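One letter stands for each residue in the lines below.
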Amino acid sequence: GRAIGVFTSGGDSQGMNSSVRAVVRMGSYLGCKVFYIKEGYQGMVDGGDNIVEATWASSSGIMQRGGTVIGSARCKEFREREGRLRAAENLVIKNITNLVVIGGDGSLTGANLFRQEWAGLLDELLEKGRISQQQRKECSHLNIVGLVGSIDNDFCGTDMTIGADTALHRIVEAVDCIATTASSHQRCFVMEVMGRHCGYLALVGALATEADWVFIPEWPPEDGWEDTLCRKLANERSMGQRLNIILVAEGAVDRKGNPITADMVKKVVTDKLKYDTRVTVLGHVQRGGKPTAFDRILGSRMGAEAVLALMDATPNTPACVCSLDGNQTVRVPLMECVERTQAVQKAMSENNFEEAVRLRGKS
Ligand code: F6P
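Residues numbered from 1 in each chain as written. Predicted model: local features only at pLDDT ≥ 70, side-chain atom pairs only at ≥ 80, totals over all residues. Heavy atoms only, no water.

In the annotation of an unreviewed UniProt entry, the protein chain is listed under the name ATP-dependent 6-phosphofructokinase and assigned to Magallana gigas.

Shown next as structure tokens:
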């Protein structure tokens, strides 16, 4: 059977373990050998004990856990050719020519470049006597399939990234908790939520918690928003509301692209309205804890599909991402997704917010 390596890379997210489990199980079911590559690209570069054969039993009991049990790391060495040469050598030693990479856009882009370089890397290893002719021949093509693990839901090409639903649940739980104490003391809370340059978590979190206001990168407020915000808050209070909740995405900006931070919003509210206002930064709580049922199932579906995609791959098939379209599992060319995701980031950095939203929507 073929050998498959599975690894998680970049920031962790809840649900990654269910993908790892599904890759092991679908792979084993189809007669493949599956290897865990621990600590992301770092484990691939270091080899040795970092690349171990997975068993059915070793993938039991992990789906319920947050994070990634096989570890994740940011790896400087993999950015250098020498690092990628060592990574290729470690894969060839184990005869691994199929990879499932679970991560965000940076990790998936890295995997695609590695695939494009593969033949050249193998030639160099052969030349240097680090692999044999036989190994060069047996491992001539590298197949790659990507799964999008990220709490941010910032990847073009899938409706939901693995982990976003759980992060949303963490946010909703936290806002609900804050709301009770806020109400007791008639306070205003400004809560910062994650998402990097994407406002999904803040926007949907705000809708699900009856927040009074939300700041997201994709929809900067009109100039003079300070007065509009305060009028809205005061209006809510005049109708009997005892508290205010404002969510601020960590990447929120104004129309000129300058950051809008939770502290800035707090200052506006205290200066203008004199409300007792507090800031809560949710931070990595959002990335932790048990995955929701949705993320467990999503991760499982994508993991199983990844193995099927690897089995279908020919040397000429472009690398793909397994993703969710409506409620369907689909395969999308990896480069198309990465290019669109990068185009969104570029549009955002140029304050071209409408274009960013258009690009992020379905084509
Ligand atoms: O991409 C996931 C994410 O949690 C973002 O929401 C956040 O901006 C970033 O990672 C934080 O990175 P780190 O865990 O390295 O501090």
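Enquirer: I'd like a rundown of the overall build of the protein chain, residues and numbers included.
Expert: Helix and strand counts for the protein chain come out as twelve helices and twelve strands. Computed over C-alpha atoms, the radius of gyration of the protein chain comes to 23 Å, within 12% of the 21 Å expected from 2.2 N^0.38 for 363 residues, which places it in the range of a compact globule. For the protein chain, the spread of C-alpha atoms along the principal axes amounts to about 80 × 40 × 35 Å. Each of the 363 residues in the protein chain was classed as buried or not, and the buried ones make up 55%. Sequence-distant contacts in the protein chain: of pairs separated by 6 or more residues, those separated by 24 or more amount to 74%. A total of about 16,100 Å² of accessible surface is found on the protein chain, and carbon and sulfur atoms cover 51% of it. Separation of charge centres in the protein chain, based on 42 positive and 44 negative side chains, amounts to 3 Å. (Helix = DSSP H or I, 4+ residues; strand = E, 2+ residues; numbered from the N terminus. Rg over C-alpha atoms; globule rule 2.2 N^0.38 Å. Buried < 20%, exposed > 50% of the residue type's maximum accessible area, 1.4 Å probe, protein only. Contact = heavy atoms within 4.5 Å. Areas by Shrake-Rupley, 256 points an atom, 1.4 Å probe, with all protein chains shown as cover. Lys, Arg positive; Asp, Glu negative; His and termini not counted. Charge placed at Lys NZ, Arg CZ, Asp CG, Glu CD.)

Enquirer: If you had to explain empty space enclosed by the protein to someone new, which residues and values would you point to?
Expert: Left-over empty space is what a probe sized like a water molecule reveals as it rolls over the atoms. For the structure shown, the criterion picks out one cavity of 30 Å³ or more. In this structure, the largest cavity occupies an estimated 70 Å³ of space. Asp-154, Gly-195, Arg-196, His-197, Cys-198, Thr-341, Val-344, Gln-345, Met-348 and Arg-360 are the residues that line the largest cavity. Sort the elements by how many residues they give to the lining of the largest cavity and helix H11 (residues 334–349) lands first, with four residues. Counted by class, the lining of the largest cavity contains three nonpolar, four polar and three charged residues. (1 Å grid on protein atoms, 1.4 Å probe; cavity = no way out; pocket = protein on both sides within 12 Å on 5 of 7 lines; lining within 4 Å. Points joined across faces, edges and corners; volume = space filled by probe spheres on them. Nonpolar A, V, L, I, M, F, W, Y, C, P; charged D, E, K, R; others polar.)

Enquirer: Explain the pattern of salt bridges residue by residue, including any values.
Expert: Tallied over the full model, the rule gives 22 salt bridges. Among the salt bridges present, the one from Lys-128 reaches Glu-124, with a minimum N-O distance of 2.7 Å. A salt bridge links Glu-350 to Lys-346; the shortest N-O distance between them is 3.3 Å. Members of the salt-bridge network, linked through shared partners, are Arg-81, Arg-84, Glu-117, Glu-124 and Lys-128. (Salt bridge = Lys/Arg side-chain N within 4 Å of Asp/Glu carboxyl O.)

Enquirer: Residues and numbers for the site of the ligand, please.
Expert: Taken together, the neighbourhood of the ligand is formed by Arg-74, Ile-151, Asp-152, Met-194, Gly-195, Arg-196, Glu-250, His-284 and Arg-287. Residue Arg-196 places a side-chain N or O atom 3.2 Å away from an oxygen atom belonging to the ligand. Side-chain polar atom of Arg-287 to an oxygen atom of the ligand: 2.8 Å apart, as the coordinates give it. For the ligand, the accessible surface in isolation is 390 Å², of which the surrounding protein chains cover 74%. Judged by its atoms lying within 2 Å of the grid points, the ligand is housed in the largest pocket. Residues belonging to the shell around the ligand are distributed by class as follows: two nonpolar, two polar and five charged. (Near = heavy atom within 4 Å. Polar contact = N/O pair within 3.5 Å; in protein donor to acceptor, adjacent residues only side chain to side chain. Sits in = over half its atoms within 2 Å of the grid points.)

Enquirer: How would you summarise the UniProt feature "active site" (unreviewed entry) in the protein chain if you had to cite specific residues and measurements?
Expert: Under the UniProt annotation, the feature "active site" (unreviewed entry) is placed at Asp-152. Looking at the secondary structure, you find Asp-152 in the loop between strand E5 (143–150) and strand E6 (162–163). A residue is classified by how much of its surface remains accessible, and Asp-152, at 7% relative accessible area, is buried. When near neighbours in sequence (up to four residues on either side) are disregarded, Asp-152 contacts Thr-161, Gly-195, Arg-196, Cys-198, Tyr-200 and Leu-201. (UniProt positions renumbered as here; feature names shortened; annotations may be inferred.)

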